[in-house]
Amino acid sequence: MNSKIIISLLFSILLIITLSSCLTSPPPQLVLNTEDGELLLEGSREFPPLEREKGDESLPEEGFFYPLPPEISNSKTGSLIKVLYPAEYSGWVDFYLSDGSIKRAEIRPEGKRENPVIRILSSFTMKQLKGIGIPESKDAPVPQISLESERLVSNTETSIETEGITIIQKGKEEWVIELAPSIFHPVLTENPWYIKLDYLQESTETPNQTGNSSLSLIHENGESEEFDFYPKTGSHSLYFYSEQYNRMPEEFRVNGVEDFSITAVSVNLRTDEEGKAVPIIADTGTILHYPREFWRNPHYEYFRWNMYPEIVQIITDTYENQSLFFKRLAFYVEKPGFVGRLAPNEEIKPLHGWNAHDYRPEDLANFFQQARIENFKLNPEEELLQELLLACGVLLDSAGTLLPGKGALIGTSIETFYEQRLIFMAHESLHGIYFTSEEYRKECEAFWDTLSADEQKFWRNFLSYRGYNVDEDHDLLINETCTYLLQQPPDQADDYFVGFITPRLLSSRTWLKDWLTPFLLDNQGLFADEVRRMEERLYRLAGFTAATIHDLLPKDRSKWFIFEGMEKKWLEQQNS
């Protein structure tokens with residue numbers, strides 16, 4: 001082979017090597033959000049890869065480490081690290097923990113090639129670590145990142161890595177969820193967290209209405225939180241918040257369930273954006289018992305219902321503060337003589353609104369849009385309500401015009417006595433379903449058509465007596481009829497409508513006595529039968545019955561019976 005050919009081949013090999021090195025992916029970058037601003041660090045390949053542990057054979061041999069500039073002090077802290085990787089890079093990165101151990105992370109391309117992979121790490125400090133294998137001097141201090149915890153971010157929801165969660169089925173009717181200490185990241189002690197438990201309840205002909213199922217949260221010292229558990233047909237999620245329990249449980253136990261399975265469990269950080277109205281998602285039982293001392297505002301808190309997240313709920317501390325949110329709405333939407341009119345505070349102040357509230361998007365859009373058109377001065381609470389509804393999609397803003405979105409708004413107050421709050425919560429939540437589900441509305445309309453003329457006469461008179469504008473609003477008539485029926489189980493219905501409501505109705509409308517008294521005598525058990533017939537429709541569509549709207553209720557509910565400062569009043573009522 002002549003020298004020209006050899007030179008040409010050598011030149012080609014050299015050119016290939018040069019081009020290959022030029023095509024090599026740039027090292028990933030670290031962006032540290034520190035107290036003094038953002039700091040960019042460049043990854044380096046100078047650090048030789050460590051020996052891979054057993055089971056790491058799939059990892060590429062190439063990796064990076066991040067030396068820190070000498071001006072970085074040991075005490076530097078921050079809340080967030082973004083690791084930006086070129087999309088074509090695949091390899092591993094070593095992070096050095098405060099105890100001297102090493103955390104190895106595998107990086108794989110995601111998304112389009114031009115988009116970087118982003119990994120987010122939290123709660124870091126800077127630290128001088130010794131003896132990590134730098135060839136020049138194994139004992140020389142090398143500035144590195146000391147991580148206290150790690151989390152992956154997807155969109156706006158942050159989930160702690162959950163390798164330390166074990167789900168066990170013990171027999172046919174018991175499930176155990178074990179939470180290992182490895183998932184208790186230190187960051188959880190400084191930030192609000194929640195545990196999300198996903199389950200599947202198969203459909204059954206006879207739903208659990210007795211509360212035989214239970215759920216327990218067991219803590220490290222053996223103490224436990226005990227709940228009556230009413231799983232709903234279908235796939236649903238339960239949420240357990242740090243504000244409720246103040247510590248991470250070691251174990252969950254679900255007992256007495258059939259055709260039931262736990263499908264997923266995760267430990268999550270709350271990532272509410274400061275200054276934004278972000279409702280807490282929870283079942284109605286959790287909403288009822290959410291500790292007032294952890295409300296983000298001392299006078300109110302807002303939630304989403306876990307079964308119907310588009311239904312927004314506001315809880316207030318008093319009826320007075322509830323009225324600031326809802327009273328004008330109540331008169332605008334439902335009160336005879338006020339419907340469609342924005343009444344000033346001075347006019348409605350001496351009048352009674354409602355003790356609990358429910359509104360559909362159409363009425364809410366009309367109310368707030370009319371206030372805009374008339375330049376009507378709203379309460380600050382009503383302004384906040386509009387902001388919350390827009391943020392949740394119940395209202396839409398189209399070029400300055402408010403339009404109905406999806407969902408519903410309901411409101412209750414903890415000034416209501418506890419047993420009555422259970423009923424109010426069920427009542428208003430059922431209204432939310434009526435506003436949200438077209439199928440459920442059709443079932444309610446079909447049920448109304450099955451009622452006899454005398455049954456319909458009773459409901460018109462009862463609801464009119466209670467102050468509803470049912471003479472002009474047929475939809476309101478049907479909605480309230482079905483909701484009043486389903487707010488209690490069948491075996492309580494006749495005690496309420498015959499024993500409690502009828503005497504009050506007749507004292508107000510004496511002319512009904514000659515008709516109503518014999519009608520009820522000839523139809524004993526009427527209301528229990530109506531509840532059963534209506535809840536068959538509810539169960540078929542929503543997976544629960546009149547008695548099981550709450551997922552979780554504390555087994556010991558005695559401490560919830562008394563509202564702060566009202567113990568004497570409550571005892572007097574009980575003894576009267």
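Just above, that's the structure.
Please read all numbers here as calculations on a predicted model, not as lab measurements. (Residues numbered from 1 in each chain as written. Predicted model: local features only at pLDDT ≥ 70, side-chain atom pairs only at ≥ 80, totals over all residues. Heavy atoms only, no water.)

Draft legend 1. View of a negative patch on the surface. Negative charge collects at one region of the surface, where Glu173, Glu202, Glu258 and Asp259 lie side by side. With respect to the helices, strands and loops of the structure, glutamate 173 is situated in the loop between strand E10 (165-169) and strand E11 (174-179). (Patch = residues over 30% accessible without salt bridge, like charges linked within 9 Å, V, L, I, M, F, W, Y side chains within 5 Å. Areas by Shrake-Rupley, 256 points an atom, 1.4 Å probe, with all protein chains shown as cover. Salt bridge = Lys/Arg side-chain N within 4 Å of Asp/Glu carboxyl O. Lys, Arg positive; Asp, Glu negative; His and termini not counted. Charge placed at Lys NZ, Arg CZ, Asp CG, Glu CD. Helix = DSSP H or I, 4+ residues; strand = E, 2+ residues; numbered from the N terminus.)

Draft legend 2. Molecular detail of the packing of aromatic side chains. Following the criterion strictly, the structure yields 35 aromatic pairs and no others. Summarising the aromatic geometry, the rings of phenylalanine 462 and tyrosine 484 are spaced 5.0 Å apart at their centres and angled 80° between planes, so their arrangement reads as edge-to-face. With a gap of 22 residues between them, phenylalanine 462 in helix H10 (residues 453-465) and tyrosine 484 in helix H11 (residues 474-486) connect regions that are remote in the sequence. Aromatic side chains phenylalanine 462 and phenylalanine 497 sit 6.0 Å apart centroid to centroid with 90° between the ring planes, which places their arrangement in the edge-to-face category. Here the residue phenylalanine 462 occupies a position in helix H10, and phenylalanine 497 occupies one in helix H12 (residues 490-508), the gap between them amounting to 35 residues. Comparing phenylalanine 462 with phenylalanine 497 shows no difference in burial state: the two are buried. One aromatic cluster in this structure is built from Trp354, Phe458, Trp459, Phe462, Tyr468, Tyr484, Tyr496, Phe497, Phe500 and Phe527. Over the aromatic face of tryptophan 354 sits the side chain of lysine 335, whose NZ or CZ is 3.7 Å from the ring centroid. (Phe/Tyr/Trp six-rings, centres within 6.5 Å; stacked < 30°, edge-to-face > 60°. Buried < 20%, exposed > 50% of the residue type's maximum accessible area, 1.4 Å probe, protein only. Lys NZ or Arg CZ within 6 Å of the ring centre and 35° of its normal.)

Draft legend 3. How the structure looks around the environment of alanine 330. Position of alanine 330 relative to the elements: it lies in helix H4 (residues 319-333). With a relative accessible area of 0%, alanine 330 lands in the buried category. Distance from alanine 330 to alanine 356, taken between C-alpha atoms, is 9.8 Å for residues 26 residues apart in sequence. Ignoring sequence-local partners within four residues, the contact set of alanine 330 consists of Lys335, Trp354, His357 and Tyr359. (Contact = heavy atoms within 4.5 Å.)

Draft legend 4. Geometry of the nonpolar core. In terms of nonpolar packing, the biggest core is built from 77 residues, with Tyr440, Trp459 and Phe497 touching the most fellow members. For this core, the leading source of residues is H11, giving 7 residues. Ignoring anything within four residues of it in the chain, the contact list for phenylalanine 497 reads Phe458, Trp459, Phe462, Tyr484, Leu485, Gln488, Thr502 and Phe527. Of all hydrophobic cores here, the second largest spans 24 residues; its members include Leu179, Leu197, Tyr245 and Met248. (Core = buried A, V, L, I, M, F, W, Y, C linked by side-chain atoms within 4.5 Å.)

Draft legend 5. Layout of the environment of asparagine 366. By the secondary structure assignment, asparagine 366 is in helix H6 (residues 361-373). Look at asparagine 366 and you get partly exposed, because its relative accessible area is 42%. Along the sequence, asparagine 366 and leucine 403 sit 37 residues apart, while their C-alpha atoms lie 7.8 Å from each other.

Draft legend 6. Molecular detail of the sheet that holds strand E16 (residues 251-255). In space, the 6 strands of this open sheet follow the order E10-E11-E16-E13-E14-E25, with antiparallel pairing throughout. What marks the edges here is a single partner per strand, and that holds for E10 and strand E25 (552-554). Averaged over all neighbouring strand pairs, the angle between strand axes comes to 20°, with direction disregarded. (Pairing = 2+ DSSP bridges. Axes fitted to C-alpha atoms, helices over the stretch in contact; angles between N-to-C directions.)

Draft legend 7. Representation of the sheet that holds strand E21 (residues 357-359). What the 5 strands build is an open sheet, ordered E18-E19-E20-E24-E21; its pairing is mixed. Single-partner strands in this sheet number two, and they are strand E18 (280-282) and E21. For this sheet, the mean inter-axis angle between neighbouring strands, taken without regard to orientation, is 25°. Relative to strand E24 (residues 408-413), E21 runs antiparallel, the two sharing 3 bridges. The partner of aspartate 358 across the bridge, within E24, is isoleucine 410. Sheet strands touched by H4: strand E19 (300-305), strand E20 (311-316), E21 and E24. Its angle to E21, the strand with the most contacts, is close to 45°.

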